[in-house]
Amino acid sequence: MVPQIQFPTLTADLIMKYKILKAIDISGLNFLSPVVRLIAQEDPRKQLHEIGRFIIVPIVAFAAFLFLWSALAPKHRTKAGEVPTPGVVWDASKGVWLFHKRETAKADAYLMNSAERRKTLQQATTRLARLDALEAEANRQISDIKAASKEKFDAYVAPSKTAYDAKRAEFRTAKINRENSLKEKAALLATQGTDARIAYLARIRENAVTTEQEKEQLKLLKTTYTEAQTKTFPEVKKAQQAITKLAEERQFLSKYSEMLGAGSRESKTTESESLLAESKNKFLTATDGDFYRLGNTVVKSEDLLATTETSHYAKPWTLPKQIVRSLLCVFTGFLVASAIAIPIGILCGLSPTFMAAMTPFIALFKPVSPLVWLPIIMIIVGGFMPEPENHWLVKALDHVPILKNYKVDPMFLSSALTVALCSLWATLVNTALGVASIEKDHLNVAKVLRLGFTARLFKIVIPTALPLIFAGLRISLAVGWMVLVAAEILSTSQGIGKFVNDMYTNGSSESFAQMFVVVFIVGIIGMFLDRIMIIFQRLVSFDTAGSAI
Amino acid sequence: MPFLELDNVSIGFGPESDRVDILKDVNLSVSENEFVAVIGFSGSGKSTLVSLLAGLEPPTSGTVSMGGKAVTRAGPERGVMFQSYSLLPWLTVFGNIEMAVKSVFREYSRTEAKAHVERYIEMVHLTPARDKKPHELSGGMRQRVSLARTLAMQPEVLLLDEPLSALDALTRAVLQDEILQIWEQEKRTVVLITNDVDEAILMADRIIPLTMGPAATLAEPFPVTLARPRDRRALNDSIEYQHLKTDITTYLLDLNREARSLRSKTIFQMPDIAPRTFKLPPVKLGGNRKPASRAS
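In this text the structure is predicted, and so the values were computed from the model without any measurement. (Residues numbered from 1 in each chain as written. Chains lettered and ligands numbered in written order. Predicted model: local features only at pLDDT ≥ 70, side-chain atom pairs only at ≥ 80, totals over all residues. Heavy atoms only, no water.)

1. What to know about the packing of aromatic side chains
All names here are of chain A. If you walk through the whole model with that rule in mind, you get 15 aromatic pairs over all chains. A ring pair is formed by Phe512 and Phe516, whose centres lie 5.5 Å apart and whose planes are at 75°; its orientation type is edge-to-face. A residue pair is termed a helical-turn pair when its members lie 3 or 4 positions apart in one helix, as Phe512 and Phe516 do in helix H18 (residues 509-540) at four residues. Over the ring of Trp317 we find Lys321; its NZ or CZ atom is 4.5 Å from the centre of that ring. (Phe/Tyr/Trp six-rings, centres within 6.5 Å; stacked < 30°, edge-to-face > 60°. Helix = DSSP H or I, 4+ residues; strand = E, 2+ residues; numbered from the N terminus. Lys NZ or Arg CZ within 6 Å of the ring centre and 35° of its normal.)

The following block contains the structure:
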């Protein structure tokens, strides 16, 4: 008698729990599993221990990092101000977001219809009116605070000032005294011999050296004094920031109101229409005059109307927009890399001869830095596109749904190709390895079933290699993301790299903090990309072994 | 009338100048619907014999033929059940069998194919595990899937390459009964490769020992005339069974002895050494014992 297979019966709760745990496992978020198990009341002591280790410890470590950062950063002064603390970086990130929101609001305002515009304009005007009072209040506050902190400020500056003043007076008298004494001695020299005269020379040198030393000392004291003078107390700084914020808002609101009023597309269109009507009327009703000139004006007015009707607000590149462009760029490069690497990798895995042919290229080009590839690619791409605007590829990409909003240009393509060229190797090598490591037994099965080449490729070879292909793709995407920022900085292609470069050239303390913001954004996005690839990799893996990091 | 035939077949590996023969001058003829067991020690070339019969490897000399036609390549008419299951790990039980069915019976419609696959899953009693992946199954269940896949191709010859050697004794017995039962139902020509004398006697009509490699060949067959269906419990008491088992075992052991004596013609004089003391050196963790100290 053949025993029937029995699978254990599970309650709905247990099935739910295992489903969640499996999802957590596949997404590689294993630190969450003790929480789920704790909720399911499974061995609470053990789960609490695990939570302590995998959740609390990382949080504590990160908190320690933040603490060290806040403590150490202000100690280092640069020409762009102090190294920003976490708090400053957080404020900077809010600033970046606010700028983006305001620019988006302007762009939206430009396109609104009249009813909407009127309503929004009303709101903006109300806010502007309120700003007056707020600004007056802020100004009053800052003068109060400044008055209040005047004493504190003086007390802070006083020691260094007294020290400096005292030393300066002291050195001045000492110098006059020394000079007088020298002059007295000089008067006597006329009657003295060579030895005395030579000794006198030494005295003059001595005086010069002492004067120089005193100058140096004084300089140091002066620096301390000036530095003390630049001291702004936190409360003053805060009040100043509040004023700056209000001023920025005022500037935004006035521009916004303009976009909602005379500057809107609708108003501009109406203006152009009336201009056209006027010129047309002039042209049609004129009895004599320069008809050529009048006709020209009509045609130009028509063109103007046409462009105005489809125009958009020239929105500057805000960081979120640049992030999206960078992501598009990295995915373009990644797609190109995959399209090249996977087929070649499969061929390499299938044919040792082909592999032998490819080995020199892999060995030679794999270690080449993106910073070398990029200029070369830029020149080559530039050679293909002497007039980028009229090139068929750029024109074609202008019709691709999302890409068209992000201005694909040769710089974008060069960066994407650099990403592709640097990232394809991991996928290529992994694919080749995956295909080559196919089991002989599986090939025997294919032989017995008399599978043709295509069936063998798609039913046996590729499924075998898929986990390793995805492992390669994961590395490729991570490499691509790292390469991209460098490529964008060098090629000044709009994107995160361009933002960093702009902030670097800008050199203000705020832009310095925004560069730190970029560090975290790049890190977080990189982490997410990696997670996504891990999930894909886990989904195509057919064995239970091996867990994601 | 032989159905499956090996005629003076030799196969070797290595370069022409330094060829090592695995099988030499092998002659085998299997009649239609006959159940033949080839028995031999491991490493004697049993799996190579299956590869030859299946057409997975061409012989160096001699011919392999089936139904009078030379075998030049593998095909579904000779279904192989591999020792290591060789199931595709990314497909379910159903998927594995379906792939075989779809590539053999291309003319089947979707429903026909499905019914066909399910019939064979039912035949090996795996219906509850229909949608499981191989790694979720036990060894015995995997081997059943492999059996179902091979049977689903409806081959004219079944080549079973030590199909049960990786299984525990209990599971093996169950599967032996299952294979026999299926064979009784749909008669096929079967060549079973095994290293288990009991298994061979229980299942086969004829048992052919494979001599020790290298250059192994098939020896004189032992016909098994025990009545079918055979009951393993009754078999133990049968005199005929006991005689047969003793004969085959003795033959195999003699083969082994002969092979060993052939291998060690020259007797090496061992150096005259003895440990200085009888105290054993300390045993390291991990169990690697250091060699005893040599006498000077």
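2. Side note on the sheet that holds strand E2 (residues 20-31) of chain B
All names here are of chain B. The sheet built from four strands is open, its strands ordered E2-E1-E4-E5 with antiparallel pairing. The open sheet has two free edges, formed respectively by E2 and strand E5 (69-70), since each of these has just one partner strand. Sheet analysis places strand E1 (residues 2-13) next to strand E4 (residues 61-66), joined by five bridges and oriented antiparallel. Following the sheet pairing, Leu4 is matched in E4 by Met66. Where helix H1 (residues 46-54) meets the sheet, its contacts fall on E1, E2 and E4, and the angle it forms with E1 comes to roughly 125°. (Pairing = 2+ DSSP bridges. Contact = heavy atoms within 4.5 Å. Axes fitted to C-alpha atoms, helices over the stretch in contact; angles between N-to-C directions.)

3. Section: the interface of chain A and chain B
How big an interface is tends to be reported as the loss of accessible area on association of its parts. Chain A puts 22 residues into the contact, and the matching count from chain B is 33 residues. A buried area of about 2500 Å², summed over both sides, lies between chain A and chain B, and 69% of it is on carbon and sulfur atoms. Together, A:Val448, A:Leu449 and A:Arg450 form the three largest contributors to the area buried by chain A at its contact with chain B, with a combined 27%. Residues B:Glu77 and A:Arg450 are paired through a salt bridge, measuring 3.4 Å at the closest nitrogen-oxygen approach. The interface formed by chain A and chain B contains four residue pairs in polar contact (both at pLDDT 80 or more). Elements supplying a minimum of two residues to the side of chain A that touches chain B: helix H15 (440-448) and helix H16 (453-491) of chain A. Per-element accounting of the side of chain A that touches chain B gives the leading share, seven residues, to H15(A). Of the residues assigned to the side of chain A that touches chain B, the class counts are 11 nonpolar, five polar and six charged. (Buried area = accessible area lost by both parts, 1.4 Å probe. Salt bridge = Lys/Arg side-chain N within 4 Å of Asp/Glu carboxyl O. Polar contact = N/O pair within 3.5 Å; in protein donor to acceptor, adjacent residues only side chain to side chain. Nonpolar A, V, L, I, M, F, W, Y, C, P; charged D, E, K, R; others polar.)

4. So, the pattern of salt bridges
Residues and elements named next belong to chain A. Applying the stated criterion across every chain, the model contains 37 salt bridges over all chains. When the shortest N-O distance is used, the salt bridge between Arg538 and Asp25 registers 3.0 Å. Here Asp25 lies in helix H1 (residues 12-27) and Arg538 lies in helix H18, a separation of 513 residues in the sequence. With a relative accessible area of 15%, Arg538 lands in the buried category. Between Lys167 and Glu170 there is a salt bridge whose closest N-O contact spans 3.7 Å. Of this pair, Lys167 and Glu170 both sit in helix H5 (residues 114-189), separated by three residues, roughly a single helical turn. (Buried < 20%, exposed > 50% of the residue type's maximum accessible area, 1.4 Å probe, protein only.)

5. Things to note about the environment of A:Gln122
Tracing the chain through its elements places A:Gln122 in helix H5. Here A:Gln122 falls in the exposed class, since its relative accessible area comes to 55%.

6. So, a nonpolar patch on the surface
All names here are of chain A. A surface patch of nonpolar side chains, about 690 Å² in accessible area, is lined by Phe62, Phe65, Val519, Phe520, Ile524, Met527 and Phe528. For the nonpolar patch, the secondary-structure elements that each account for two or more residues are helix H3 (44-72) and H18. With five residues, H18 is the largest single contributor of residues to the nonpolar patch. Tracing the backbone shows Phe528 in helix H18. (Patch = residues over 30% accessible without salt bridge, like charges linked within 9 Å, V, L, I, M, F, W, Y side chains within 5 Å. Areas by Shrake-Rupley, 256 points an atom, 1.4 Å probe, with all protein chains shown as cover.)

7. Regarding empty space enclosed by the protein
In the structure shown here, the tally under the stated rule is three cavities of 30 Å³ or more. A volume near 70 Å³ is recorded for the largest cavity. Elements with a minimum of two residues in the lining of the largest cavity: helix H4 (139-152), strand E7 (157-161) and helix H5 (169-185) of chain B. No other element matches H5(B), which puts three residues into the lining of the largest cavity. When its residues are assigned to classes, the lining of the largest cavity shows nine nonpolar, no polar and two charged. Each pocket or cavity is described by its volume, and for the second largest cavity that value is around 60 Å³. Lining the second largest cavity, in full, are A:Val445, A:Val448, A:Leu449, B:Val80, B:Phe82, B:Arg149, B:Thr150 and B:Met153. Classifying every residue of the lining of the second largest cavity by side-chain character gives six nonpolar, one polar and one charged. (1 Å grid on protein atoms, 1.4 Å probe; cavity = no way out; pocket = protein on both sides within 12 Å on 5 of 7 lines; lining within 4 Å. Points joined across faces, edges and corners; volume = space filled by probe spheres on them.)

8. A few points about the environment of A:Val448
By secondary structure assignment, the location of A:Val448 is in helix H15. A:Val448 sits in the buried class, given a relative accessible area of 3%.

9. A short note on the packing of helix H14 (residues 410-436) of chain A against H16(A)
All names here are of chain A. Direction vectors running N to C along H14 and H16 enclose 155°, while the axes themselves pass 7 Å from each other. As the angle between them shows, H14 and H16 are arranged roughly antiparallel. Between H14 and H16 lies a crossing of right-handed hand. The residue inventory of the contact of H14 with H16, partitioned by class, reads 17 nonpolar, 12 polar and one charged. (Parallel < 35°, antiparallel > 145°, perpendicular 65-115°, else oblique. Left-handed = near helix turned anticlockwise from the far one by under 90°.)

10. Examining the pairing of strand E8 (residues 189-194) of chain B
All names here are of chain B. The element E8 is largely enclosed, with a buried count of six among its six residues. Burial of E8 is two-sided: the residues Thr189, Val191 and Ile193 facing one way and the residues Val190, Leu192 and Thr194 facing the other way are all buried. In terms of strand pairing, strand E3 (residues 35-39) meets E8 through five bridges, oriented parallel. Counted as the bridge partner of Ala37 is Leu192 from E8. Taken together, the five bridges between E7 and E8 define a ladder with parallel strand orientation. For Leu159, the partnering residue across the bridge sits in E8 and is Val191. Following the chain from E7 across H5 to the adjacent parallel E8, one finds a crossover that is right-handed. (Right-handed = clockwise from strand over helix to strand, strands pointing away.)

11. Brief notes about the packing of H5(A) against helix H6 (residues 194-229) of chain A
Residue and element names in this part refer to chain A. Between H5 and H6, the least distance of the axes is 9 Å, while the angle of their chain directions is 170°. Overall, the two elements H5 and H6 adopt an arrangement that is roughly antiparallel. Taken together, the residues of the contact of H5 with H6 sort by class into 17 nonpolar, seven polar and 12 charged.

12. Concerning the domain arrangement of chain A
Residues and elements named next belong to chain A. Taken domain by domain, chain A holds domain 1 (12-74), domain 2 (114-247) and domain 3 (319-540). The centre of domain 1, based on its C-alpha atoms, is set 32 Å off from the matching centre of domain 3. Of the residues lining the interface, seven residues belong to domain 1; the matching set on domain 3 comes to seven residues. Both faces considered, domain 1 and domain 3 share a buried interface measuring about 610 Å² in area, 67% of it formed by carbon and sulfur atoms. Broken down residue by residue, the surface that domain 1 buries against domain 3 is led by Ile26, Ser27 and Trp69, which jointly contribute 66%. Inspection of the domain 1/domain 3 interface yields one salt bridge. For the pair domain 1 and domain 3, the interface holds one residue pair in polar contact (both at pLDDT 80 or more). Among the elements of the structure, H1 and H3 are those that each provide at least two residues to the side of domain 1 that touches domain 3. Counting residues per element, the side of domain 1 that touches domain 3 draws most heavily on H1, which supplies three residues. (Domains from an automatic or database assignment.)

13. Concerning the side chain of A:Ser33
All names here are of chain A. Along the chain, the position of Ser33 falls in helix H2 (residues 33-39). At a separation of 2.9 Å, a polar atom in the side chain of Ser33 contacts the main-chain carbonyl oxygen of Asn30. With residues near it in sequence (within four places) discarded, Ser33 still touches Leu21 and Ile24.

14. Thoughts on the sheet that holds strand E10 (residues 222-223) of chain B
All names here are of chain B. In spatial order, the strands read E6-E7-E8-E3-E9-E10; together these six strands make up an open sheet with mixed pairing. Whereas interior strands pair on both sides, the edge strands pair on one side only; in this sheet they are strand E6 (78-81) and E10. Across two bridges, strand E9 (residues 206-209) lies against E10 in antiparallel orientation. Within E10, the residue paired with Arg206 across the bridge is Pro223.

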